[in-house]
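Descriptive structure summary
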Amino acid sequence: SNRGVDVKRMDYTKIYELDGQSSVKCILGGAGSVPFINKFTQILKEQCQAQKISQINNLVYIAEDTMTALTKRYVVDRVQQLGTMRGNINETPALGSLNFIIMLACIEESRPRLFIITSEGISEETQHFSSIGSGSAYAEYLLSKLYFENMSTEIAMEMAVSVIEEVKKIDPNVGGAVQLMHIDFKGNISKIPSDKINEIIQIKNNFITVQ
């Protein structure tokens, strides 16, 4: 957050459960600017509830539309307004994108599906694992070394927590307590207790070895 100088906040939540808004059960994770992640999550929940979403592809389309709508309001329209106010009516200001990205983890017919929604409003389905945020380059490298097919939920949780802890040592923008959620093959979503996460951190302190 910008308070005259860059300040890193440790008390923000960037992972949410979309259960209850539609028949599609999903975990939403965000990276980047918290106000935009919160706005995106609120709008997506409202849209899911209003449209009674029953298919994952429809949820993804709504997520794309939500990102596009936010970009239009806070980038395109805002730049045009500011340009007009400053007397630059005939100029075309350079447009940017919003400083956040979204990950959706869903279950469809007992099959996991993982999507990234970019700040440009484009979705990409990924396989096996993915990461978002400033530390994702480090995380992707570690995950590529650690991931293997048909790993148990316990090992997957240990891997996820350990990778985050390693990235926290390298990236100054990553910090705070690790938050972890799990969705099973039936679509049941659970939040992993903090004491369980701390136990994983303590036991797996030397878990990562890169060859």
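Residues numbered from 1 in each chain as written. Predicted model: local features only at pLDDT ≥ 70, side-chain atom pairs only at ≥ 80, totals over all residues. Heavy atoms only, no water.

What the five strands build is an open sheet, ordered 1-2-3-4-5; its pairing is antiparallel. Here the strands that pair on one side only, and so sit at the sheet edges, are strand 1 (15-17) and strand 5 (123-126). On average, adjacent strands in this sheet sit at an angle of 20 degrees to one another, irrespective of strand direction. Bridge analysis of strand 3 (residues 100-108) against strand 4 (residues 111-117) gives seven bridges, and the strand direction is antiparallel. Note on strand 4: the bridge partner recorded for Met 103 is Ile 116. Taken strand by strand, helix 1 (residues 34-51) contacts strand 1, strand 2 (26-32) and strand 3, and its axis lies near 155 degrees from that of strand 2. (Pairing = 2+ DSSP bridges. Helix = DSSP H or I, 4+ residues; strand = E, 2+ residues; numbered from the N terminus. Axes fitted to C-alpha atoms, helices over the stretch in contact; angles between N-to-C directions. Contact = heavy atoms within 4.5 Å.)

Okay, the pattern of salt bridges next. Following the criterion strictly, the structure yields seven salt bridges and no others. A salt bridge links Glu 108 to Arg 111, with the nearest nitrogen and oxygen atoms 3.7 Å apart. Classification of Arg 111 by relative accessible area gives partly exposed; the value is 44%. A salt bridge links Glu 125 to Arg 113; its shortest N-O distance comes to 2.9 Å. Taken as a pair, Glu 125 in strand 5 and Arg 113 in strand 4 lie far apart in primary sequence, 12 residues in all. Accessibility expressed as a relative area gives 33% for Glu 125, which makes it partly exposed. Judged by relative accessible area, Arg 113 falls into the buried class, the value being 11%. Among the ionic contacts, a cluster of salt bridges with common partners joins Glu 108, Arg 111, Arg 113 and Glu 125. (Salt bridge = Lys/Arg side-chain N within 4 Å of Asp/Glu carboxyl O. Buried < 20%, exposed > 50% of the residue type's maximum accessible area, 1.4 Å probe, protein only.)

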